[in-house]
Amino acid sequence: MFQTSVLASGSKGNAILIRTEKTKLLYDAGLSGKRIYEAINKLQLNQHRIAGLILSHEHSDHRKSVGVVCRNLNIPLYVTQKTYYECKVKLGNLPGGPKFFEPGKLFQIGDIVVYPFTSSHDAVDSCDFLFYKEGDNERKLGVVTDVGFPTKLMLKYLKNCSTIILESNHDMQMLMDGPYPWKLKQRVRSRHGHLSNVDAVKVVDEVMHEGLKNLILAHLSETNNTPEIAFQNMNRFLTNNNYAVRLLVADQYEPTELVDV
(Lines give C-alpha, C1' and ligand atoms only; values in the text may rest on other atoms or scores of the structure.)
Protein backbone atom coordinates (compact mmCIF):
# COMPACT_ATOMS: atom_id res chain seq x y z
CA MET A 1 0.00 0.00 0.00
CA PHE A 2 1.18 3.47 -0.93
CA GLN A 3 -1.45 6.21 -0.80
CA THR A 4 -1.90 9.95 -0.58
CA SER A 5 -4.71 12.40 0.16
CA VAL A 6 -4.63 16.16 -0.23
CA LEU A 7 -6.25 17.13 3.06
CA ALA A 8 -6.68 20.76 2.01
CA SER A 9 -5.20 22.90 -0.72
CA GLY A 10 -5.54 26.51 -1.77
CA SER A 11 -4.68 30.07 -0.80
CA LYS A 12 -6.07 29.59 2.73
CA GLY A 13 -3.99 26.55 3.72
CA ASN A 14 -2.34 23.38 2.51
CA ALA A 15 -1.73 19.92 3.94
CA ILE A 16 -1.13 16.48 2.43
CA LEU A 17 -1.13 13.00 3.95
CA ILE A 18 1.15 10.25 2.63
CA ARG A 19 1.00 6.69 3.95
CA THR A 20 2.12 3.10 3.61
CA GLU A 21 1.18 0.11 5.78
CA LYS A 22 3.92 1.11 8.23
CA THR A 23 4.28 4.87 8.01
CA LYS A 24 2.08 7.98 7.84
CA LEU A 25 3.49 11.44 7.11
CA LEU A 26 2.08 14.94 7.01
CA TYR A 27 3.36 17.31 4.36
CA ASP A 28 2.81 20.95 5.41
CA ALA A 29 0.26 22.19 7.94
CA GLY A 30 -1.04 25.48 6.62
CA LEU A 31 -4.45 25.37 8.29
CA SER A 32 -5.53 24.82 11.87
CA GLY A 33 -4.59 21.62 13.62
CA LYS A 34 -8.28 21.00 14.29
CA ARG A 35 -9.12 21.08 10.60
CA ILE A 36 -6.20 18.79 9.77
CA TYR A 37 -7.35 16.24 12.35
CA GLU A 38 -10.93 16.48 11.07
CA ALA A 39 -9.75 15.79 7.52
CA ILE A 40 -7.73 12.78 8.69
CA ASN A 41 -10.74 11.48 10.62
CA LYS A 42 -12.89 11.78 7.48
CA LEU A 43 -10.48 9.35 5.86
CA GLN A 44 -11.05 7.03 8.85
CA LEU A 45 -7.40 7.21 9.85
CA ASN A 46 -5.73 7.84 13.19
CA GLN A 47 -3.69 11.02 13.46
CA HIS A 48 -1.82 9.68 16.49
CA ARG A 49 0.09 7.23 14.30
CA ILE A 50 1.75 9.91 12.19
CA ALA A 51 5.54 9.59 12.16
CA GLY A 52 6.55 13.12 11.22
CA LEU A 53 5.73 16.38 9.47
CA ILE A 54 7.63 17.78 6.47
CA LEU A 55 7.60 21.55 5.91
CA SER A 56 8.17 22.66 2.31
CA HIS A 57 8.73 26.36 3.08
CA GLU A 58 7.90 29.07 5.60
CA HIS A 59 4.86 30.80 4.06
CA SER A 60 1.90 30.81 6.44
CA ASP A 61 -0.45 28.84 4.16
CA HIS A 62 1.98 25.93 4.57
CA ARG A 63 3.37 26.59 8.06
CA LYS A 64 0.41 27.89 10.10
CA SER A 65 -0.09 25.03 12.60
CA VAL A 66 3.19 23.15 12.18
CA GLY A 67 4.33 23.79 15.75
CA VAL A 68 0.92 22.98 17.23
CA VAL A 69 0.60 19.71 15.30
CA CYS A 70 4.14 18.61 16.16
CA ARG A 71 3.49 19.29 19.85
CA ASN A 72 0.05 17.66 19.91
CA LEU A 73 1.24 14.52 18.16
CA ASN A 74 4.75 14.58 19.65
CA ILE A 75 6.35 14.17 16.24
CA PRO A 76 9.51 15.62 14.68
CA LEU A 77 9.55 18.35 12.07
CA TYR A 78 11.57 17.68 8.91
CA VAL A 79 12.77 21.00 7.50
CA THR A 80 15.78 22.69 5.92
CA GLN A 81 17.95 24.74 8.25
CA LYS A 82 17.26 27.98 6.36
CA THR A 83 13.49 27.46 6.53
CA TYR A 84 13.64 26.52 10.21
CA TYR A 85 15.55 29.63 11.23
CA GLU A 86 13.32 31.82 9.08
CA CYS A 87 10.23 30.79 11.08
CA LYS A 88 11.71 29.37 14.30
CA VAL A 89 9.94 31.87 16.57
CA LYS A 90 6.55 31.16 14.99
CA LEU A 91 7.05 27.39 15.28
CA GLY A 92 7.70 27.46 19.03
CA ASN A 93 9.00 24.49 20.94
CA LEU A 94 9.27 21.24 18.99
CA PRO A 95 9.36 18.26 21.35
CA GLY A 96 10.44 15.90 18.57
CA GLY A 97 13.01 18.44 17.51
CA PRO A 98 13.74 19.76 14.05
CA LYS A 99 15.36 17.17 11.82
CA PHE A 100 17.22 18.93 9.06
CA PHE A 101 17.37 17.80 5.46
CA GLU A 102 19.15 19.30 2.46
CA PRO A 103 17.78 19.76 -1.05
CA GLY A 104 19.26 17.12 -3.33
CA LYS A 105 19.87 14.57 -0.56
CA LEU A 106 17.65 11.56 0.14
CA PHE A 107 16.34 10.89 3.61
CA GLN A 108 13.94 8.32 4.99
CA ILE A 109 11.02 8.31 7.44
CA GLY A 110 9.92 4.79 8.28
CA ASP A 111 9.66 3.00 4.94
CA ILE A 112 9.04 6.20 2.95
CA VAL A 113 12.02 7.55 1.02
CA VAL A 114 11.97 11.32 0.53
CA TYR A 115 13.91 13.27 -2.08
CA PRO A 116 13.67 17.07 -1.72
CA PHE A 117 14.72 19.39 -4.54
CA THR A 118 14.84 23.16 -4.84
CA SER A 119 11.68 24.95 -5.96
CA SER A 120 11.41 28.20 -7.93
CA HIS A 121 9.43 30.15 -5.34
CA ASP A 122 9.98 33.32 -3.32
CA ALA A 123 10.86 31.66 -0.03
CA VAL A 124 14.24 31.29 1.65
CA ASP A 125 14.71 27.59 0.79
CA SER A 126 11.51 26.32 -0.83
CA CYS A 127 11.46 22.64 -1.81
CA ASP A 128 9.34 20.28 -3.85
CA PHE A 129 9.48 16.54 -3.24
CA LEU A 130 9.59 13.06 -4.66
CA PHE A 131 8.34 10.21 -2.43
CA TYR A 132 8.55 6.47 -2.88
CA LYS A 133 8.17 3.39 -0.75
CA GLU A 134 11.33 1.55 0.23
CA GLY A 135 11.93 -1.35 -2.16
CA ASP A 136 9.26 -0.18 -4.64
CA ASN A 137 10.67 1.47 -7.76
CA GLU A 138 7.41 1.38 -9.71
CA ARG A 139 5.32 3.87 -7.74
CA LYS A 140 6.51 7.42 -7.11
CA LEU A 141 4.67 10.48 -5.84
CA GLY A 142 5.72 13.94 -6.99
CA VAL A 143 4.52 16.99 -5.02
CA VAL A 144 5.04 20.25 -6.86
CA THR A 145 3.20 23.32 -5.56
CA ASP A 146 4.33 26.95 -5.11
CA VAL A 147 6.34 26.97 -8.32
CA GLY A 148 7.20 30.01 -10.40
CA PHE A 149 8.39 28.02 -13.40
CA PRO A 150 9.20 24.38 -14.17
CA THR A 151 12.93 23.85 -13.79
CA LYS A 152 14.73 21.11 -15.72
CA LEU A 153 15.33 19.34 -12.41
CA MET A 154 11.63 19.38 -11.56
CA LEU A 155 10.65 18.02 -14.97
CA LYS A 156 13.29 15.30 -14.69
CA TYR A 157 11.82 13.92 -11.48
CA LEU A 158 8.18 14.23 -12.50
CA LYS A 159 8.87 12.07 -15.58
CA ASN A 160 9.24 9.08 -13.25
CA CYS A 161 6.10 9.62 -11.15
CA SER A 162 2.98 7.45 -11.11
CA THR A 163 1.06 10.16 -9.21
CA ILE A 164 1.64 13.92 -9.34
CA ILE A 165 0.20 16.63 -7.11
CA LEU A 166 0.67 19.72 -9.28
CA GLU A 167 -0.02 23.39 -8.78
CA SER A 168 -2.68 24.91 -11.04
CA ASN A 169 -2.97 28.19 -9.20
CA HIS A 170 -4.65 30.71 -11.44
CA ASP A 171 -6.43 31.50 -14.66
CA MET A 172 -4.36 34.26 -16.25
CA GLN A 173 -7.35 36.30 -17.41
CA MET A 174 -9.01 36.12 -13.99
CA LEU A 175 -5.76 37.19 -12.36
CA MET A 176 -5.23 40.17 -14.64
CA ASP A 177 -8.89 41.29 -14.45
CA GLY A 178 -9.20 40.57 -10.73
CA PRO A 179 -8.90 42.65 -7.55
CA TYR A 180 -5.26 42.01 -6.67
CA PRO A 181 -3.01 45.11 -6.68
CA TRP A 182 -0.62 45.24 -9.64
CA LYS A 183 2.44 44.40 -7.53
CA LEU A 184 0.78 41.18 -6.28
CA LYS A 185 -0.35 40.25 -9.79
CA GLN A 186 3.24 40.62 -10.94
CA ARG A 187 4.46 38.46 -8.06
CA VAL A 188 1.96 35.66 -8.79
CA ARG A 189 2.87 35.51 -12.48
CA SER A 190 6.64 35.86 -11.92
CA ARG A 191 9.32 33.16 -12.09
CA HIS A 192 9.12 32.95 -8.30
CA GLY A 193 5.33 32.93 -7.99
CA HIS A 194 2.78 30.31 -9.03
CA LEU A 195 1.94 28.10 -12.01
CA SER A 196 -1.16 29.05 -14.00
CA ASN A 197 -3.62 26.54 -15.44
CA VAL A 198 -1.87 26.89 -18.80
CA ASP A 199 1.54 26.39 -17.17
CA ALA A 200 0.27 23.22 -15.48
CA VAL A 201 -0.80 21.81 -18.84
CA LYS A 202 2.64 22.58 -20.27
CA VAL A 203 4.28 20.73 -17.37
CA VAL A 204 2.12 17.64 -17.89
CA ASP A 205 2.84 17.75 -21.62
CA GLU A 206 6.58 17.71 -20.80
CA VAL A 207 6.48 14.87 -18.27
CA MET A 208 3.75 12.61 -19.66
CA HIS A 209 4.67 8.92 -19.75
CA GLU A 210 2.83 5.60 -19.69
CA GLY A 211 3.36 5.13 -15.98
CA LEU A 212 1.50 8.29 -14.94
CA LYS A 213 -1.80 7.13 -13.39
CA ASN A 214 -3.07 10.02 -11.25
CA LEU A 215 -2.89 13.79 -11.52
CA ILE A 216 -4.17 15.97 -8.67
CA LEU A 217 -4.42 19.70 -9.37
CA ALA A 218 -3.68 21.71 -6.23
CA HIS A 219 -3.11 25.14 -4.70
CA LEU A 220 -5.95 26.80 -6.63
CA SER A 221 -6.54 30.48 -5.92
CA GLU A 222 -10.05 31.19 -4.69
CA THR A 223 -9.86 34.67 -6.21
CA ASN A 224 -8.18 33.94 -9.54
CA ASN A 225 -9.35 30.43 -10.44
CA THR A 226 -12.16 27.92 -10.06
CA PRO A 227 -12.03 24.13 -9.79
CA GLU A 228 -14.16 23.92 -12.94
CA ILE A 229 -11.79 26.05 -15.03
CA ALA A 230 -8.68 24.23 -13.79
CA PHE A 231 -10.28 20.83 -14.45
CA GLN A 232 -11.54 21.81 -17.91
CA ASN A 233 -8.15 23.14 -19.00
CA MET A 234 -6.30 19.99 -18.00
CA ASN A 235 -9.04 17.55 -19.00
CA ARG A 236 -9.20 19.05 -22.49
CA PHE A 237 -5.48 18.43 -22.93
CA LEU A 238 -5.66 14.86 -21.60
CA THR A 239 -8.72 14.00 -23.70
CA ASN A 240 -7.36 15.52 -26.91
CA ASN A 241 -4.21 13.43 -26.55
CA ASN A 242 -5.99 10.22 -25.42
CA TYR A 243 -4.05 10.11 -22.16
CA ALA A 244 -5.61 7.67 -19.68
CA VAL A 245 -4.78 9.63 -16.55
CA ARG A 246 -7.16 9.98 -13.61
CA LEU A 247 -7.68 13.70 -12.96
CA LEU A 248 -8.71 15.14 -9.58
CA VAL A 249 -8.87 18.70 -8.25
CA ALA A 250 -7.94 19.24 -4.59
CA ASP A 251 -10.32 21.28 -2.46
CA GLN A 252 -9.72 23.96 0.15
CA TYR A 253 -12.26 22.53 2.58
CA GLU A 254 -12.60 18.77 1.94
CA PRO A 255 -9.90 16.09 1.65
CA THR A 256 -9.53 14.10 -1.51
CA GLU A 257 -10.08 10.38 -1.25
CA LEU A 258 -7.06 8.22 -0.55
CA VAL A 259 -5.41 7.78 -3.93
CA ASP A 260 -3.28 4.72 -4.68
CA VAL A 261 0.05 6.11 -5.82
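Going by the structure above, here's the rest.
Caption draft 1: The environment of Leu55, seen in detail. Residue position: Leu55 is located in the loop between strand E4 (52-54) and helix H2 (60-63). Assessed through its relative accessible area of 1%, Leu55 is described here as buried. For the pair formed by Leu55 and Arg187, sequence separation is 132 residues and the distance between their alpha carbons is 22 Å. If we ignore the near neighbours within four places in the chain, the residues touching Leu55 are Asp28, His62, Arg63, Val66, Leu77, Tyr78, Val79, Thr83, Cys87 and Phe101.

Caption draft 2: Summary view of the layout of surface pockets. The computed volume of the largest pocket comes to approximately 160 Å³. Tallied by class, the residues present in the lining of the largest pocket amount to three nonpolar, seven polar and three charged.

Caption draft 3: Representation of helix H4 (residues 81-91) within the structure. Among the residues of H4, those classed as buried are Thr83, Tyr84, Cys87 and Leu91. Burial along H4 is one-sided: seen end-on, the buried residues are contained in an arc of 110°. What points out from H4, more than 90 degrees from its buried face, is the exposed set Lys82, Tyr85 and Val89. Among the structural elements, H2, helix H3 (66-73), strand E5 (77-79) and strand E6 (98-100) are those in contact with the buried residues of H4. In the segment just after H4, Gly92 is the residue with positive phi, at about 75°.

Caption draft 4: Region of interest: the pairing of strand E9 (residues 127-133). Of all the seven residues making up E9, seven are buried; the element is thus mostly covered by neighbouring parts of the structure. Burial of the side chains of E9 extends over both faces: Cys127, Phe129, Phe131 and Lys133 are buried on one face and Asp128, Leu130 and Tyr132 on the other. Relative to E9, strand E8 (residues 112-118) is paired through seven bridges, and the arrangement is antiparallel. Among the inter-strand pairings, Val114 is bridged to a residue of E9, identified as Phe131. The pairing of E9 with strand E10 (residues 140-144) spans four bridges and is classified as antiparallel. Bridging from a neighbouring strand, Leu130 pairs with Gly142 of E10.

Caption draft 5: View of the pairing of strand E3 (residues 24-27). Neither face of E3 is exposed, since Lys24 and Leu26 on one face and Leu25 and Tyr27 on the opposite face are all buried. Where strand E2 (residues 15-20) lies against E3, four bridges are found, and the strand directions are antiparallel. Bridge pairing in E3 links Leu17 to Leu26. Between E2 and E3, which follow one another and run antiparallel, lie three residues. Here E3 runs beside E4; their pairing, made up of three bridges, is parallel. Counted as the bridge partner of Tyr27 is Ile54 from E4. Note on the crossover from E3 through helix H1 (residues 33-42) to E4: the handedness is right-handed.

Caption draft 6: The state of the cysteines, seen in detail. One pass over the full model with this rule turns up zero disulfides. With no disulfide partner, Cys127 has as its closest neighbouring cysteine sulfur the one in Cys87, 13 Å distant. Residue class for Cys127 comes out buried when judged on its relative accessible area of 1%. Free cysteine Cys161: the closest other cysteine sulfur is in Cys127, separated by 16 Å.

Definitions and limits used
Residues numbered from 1 in each chain as written. Predicted model: local features only at pLDDT ≥ 70, side-chain atom pairs only at ≥ 80, totals over all residues. Heavy atoms only, no water. Helix = DSSP H or I, 4+ residues; strand = E, 2+ residues; numbered from the N terminus. Buried < 20%, exposed > 50% of the residue type's maximum accessible area, 1.4 Å probe, protein only. Contact = heavy atoms within 4.5 Å. 1 Å grid on protein atoms, 1.4 Å probe; cavity = no way out; pocket = protein on both sides within 12 Å on 5 of 7 lines; lining within 4 Å. Points joined across faces, edges and corners; volume = space filled by probe spheres on them. Nonpolar A, V, L, I, M, F, W, Y, C, P; charged D, E, K, R; others polar. Arc of directions from axis to C-beta. Pairing = 2+ DSSP bridges. Right-handed = clockwise from strand over helix to strand, strands pointing away. Disulfide = S-S within 2.5 Å.

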